[in-house]
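# Chains, contacts and geometry: an overview
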Amino acid sequence: MSKKELLSKIGLRLDGRRAHELRRIRCKLGVFTEPDGSAYMEQGLTKVLAAVYGPHQVRGSKSKAHHDNCLINCQFSMAVFSTTDRKKRPRGDRKSTELSMHLQQALESVIKTELYPWSQIDVYVEVLHADGGIYPTCVNAATLALIDAGIPIKEYVCACTASLANNDVPMVDISHQEEVMGGPTLTIAALPMSGKIVLMEMSQRFHLDHLDKVMNKALQGCKDIRQILDAAVRLHVRDIGSATGWALTSYNE
Amino acid sequence: MSQKFHIRLASQRVNTNIAENRRYPKIFTPGETITQQHEFMRGHGTYEDNGELKSSVAGVREQVNNLISVKPLKSRYNGEVGDIVVGRITEVQQKRWKVDTNARLDSILLLSSVNLPGGELRRRSVEDEHMMRQYLQEDDLISAEVQSVHSDGTLSLHTRSLRYGKLGQGVLLKVFPSLIKRSKTHFHNLPVGASVILGNNGFIWICPVINNSEDSVGGFVQNLEEVVPLQERETIGRIRNCIKALAMCKMMLYDTSILYAYEESLKYSIAELLVPEAMIDVAILTQHRLSIIEV
């Protein structure tokens, strides 16, 4: 009998979840006052802060500005204390640069950039605690921050991971422990409402026959996450609206 | 001198939500279908997809005849003609200044739309262009009115009234633009002894009371020599902290709410007003008083 299995015989994972269950998600919008939009996101033990500045005038070289759409600038960084061994550089290494680019691609697919000519939107994401699924949590946090900033987006962009346990059963939302123990991890960033995939990445290979079910699992995870985010956004809008007495709107109580 | 420090854990954060549980309108979130009918026009915050009208921001639906728009509760400043703004000069260019007004692009203040010293009908010469930096420099603060909005969203400002111009001694405070209530006047001389300019763009300027007779020169006079008495400075500080408290609880800012908050805050010292509990207390008392006069 193997010492450690990703999925036990009775269908429980190492942290007691079932194969289709997400980790606990907690999120909050508007955590800062200085940026135009901000959000805090927690998926299991992975904790991420996101801040959005803009749209504003392009700073630095003017040649980067476009007359028909806005520039999206993403910066991904990991706090030095976020992993078990202390990181030397919080940003600027290869992994961070790659994640910044992937984040930018995911956000560019949803932001209605054509509305803001000559402008720039800055998205800063900081991982406070890394426990698997860093990229998905960052995408979800950035989405919330964009919504908080009032920037028009086509729909939510959500991301989720999935893996294959015991070479057969797909499971969703992989934690760090499960990542380390092996098993291929599939990361998907998707538009859950239209079902479009904007980013897909695999850490290892597995047999093509399994791809469909693992991908569907991850997509289902994205859809579940969207519902949780949507509920948080509604609650946030309701709270702010009631505090201002809906003065900005034509709504009368 | 001993000072009291307030250091707290993140887990002891105070809930700033003071809203009463009341009815609320239907809230739309990005990607949600507003209507499938075709006769409606698409306004701000919406887009068309497969013949359906969908929301692109999180907010409340507004309808004017056939035009449907969704308004987010928080966004950058969207300028409208006639708005009063407070801004900071970021650049001096040929014949114009660039002003940061918290809009999504820098605003423009043309040399021809300011009142230069020496009368309104003065011709603007080449010397004036050379003198521009002497009138307004980078990082100077001004109050101005929005003259026009360009197609790409840039705002043109003007200061052709004695009320507008360079700002002298005072305190600038930034809040979210949506918290400023639109009213007939945004220049307020509060009876407690301070003047407040509530810029529509969310920049608030608090300064000692302006005497109109003395300040009739308008424009570019900035008296930094004059010493503002301690009492006035304390008033200004208290008003600033009161506005911060109201803004933290997301309450609308206008002369009455600020004045009420000021009166309610008198039981605290100015420094104490920065403690979250005190801020919420002031905001709740203000909200209570406002709700009484509403009825």
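Residues numbered from 1 in each chain as written. Chains lettered and ligands numbered in written order. Predicted model: local features only at pLDDT ≥ 70, side-chain atom pairs only at ≥ 80, totals over all residues. Heavy atoms only, no water.

Chain B carries the name Ribosomal RNA-processing protein 4 in an unreviewed UniProt entry, which gives Acanthoscelides obtectus as its organism. A UniProt comment under Subcellular location (unreviewed entry) is attached to chain B, and it reads "Nucleus". Per UniProt, chain B carries the Sequence similarities (unreviewed entry) text "Belongs to the RRP4 family." (UniProt positions renumbered as here; feature names shortened; annotations may be inferred.)

Taking an unreviewed UniProt entry as the reference, chain A is identified by name as Putative exosome complex component RRP41 belonging to Acanthoscelides obtectus.

Residues and elements named next belong to chain A. Note on placement: glutamine 43 falls in strand β2 (residues 37-43). What makes glutamine 43 buried here is its relative accessible area of 1%. Only 3.2 Å separates the side chain of glutamine 43 from the side chain of threonine 137, close enough to count as a polar contact. Non-local contacts of glutamine 43, meaning those with residues more than four positions away in its chain, are made with Arg23, Arg24, Ile25, Pro136, Thr137, Asn140, Asp173 and Ile225. (Helix = DSSP H or I, 4+ residues; strand = E, 2+ residues; numbered from the N terminus. Buried < 20%, exposed > 50% of the residue type's maximum accessible area, 1.4 Å probe, protein only. Polar contact = N/O pair within 3.5 Å; in protein donor to acceptor, adjacent residues only side chain to side chain. Contact = heavy atoms within 4.5 Å.)

Turning our eyes to something else, we now look at the nonpolar core. In terms of nonpolar packing, the biggest core is built from 69 residues, with Leu107 and Ile111 of chain A touching the most fellow members. Looking at this core, the element that brings in the most residues is helix α4 (residues 208-243) of chain A, giving eleven residues. Those residues in contact with isoleucine 111 of chain A that lie beyond four places of it in its chain are Ile72, Ile121, Leu146, Ile151, Pro152 and Ile153 of chain A. Judged by nonpolar contacts, the second largest core, of 35 residues, contains Val196, Ile243, Leu253 and Ala261 of chain B. (Core = buried A, V, L, I, M, F, W, Y, C linked by side-chain atoms within 4.5 Å.)

Residues and elements named next belong to chain A. Orientation of helix α2 (residues 134-148) relative to α4, taken along the N-to-C sense of each, is 30°, at an axis distance of 11 Å. As summarised for this structure, α2 and α4 are arranged roughly parallel, according to the angle between their axes. Crossing of α2 over α4 shows right-handed handedness. Contacts from Asn140, Leu144, Ile147 and Asp148 of α2 reach α4 at Ile225, Leu229, Val233 and His236. The residue inventory of the contact of α2 with α4, partitioned by class, reads five nonpolar, two polar and one charged. (Axes fitted to C-alpha atoms, helices over the stretch in contact; angles between N-to-C directions. Parallel < 35°, antiparallel > 145°, perpendicular 65-115°, else oblique. Left-handed = near helix turned anticlockwise from the far one by under 90°. Nonpolar A, V, L, I, M, F, W, Y, C, P; charged D, E, K, R; others polar.)

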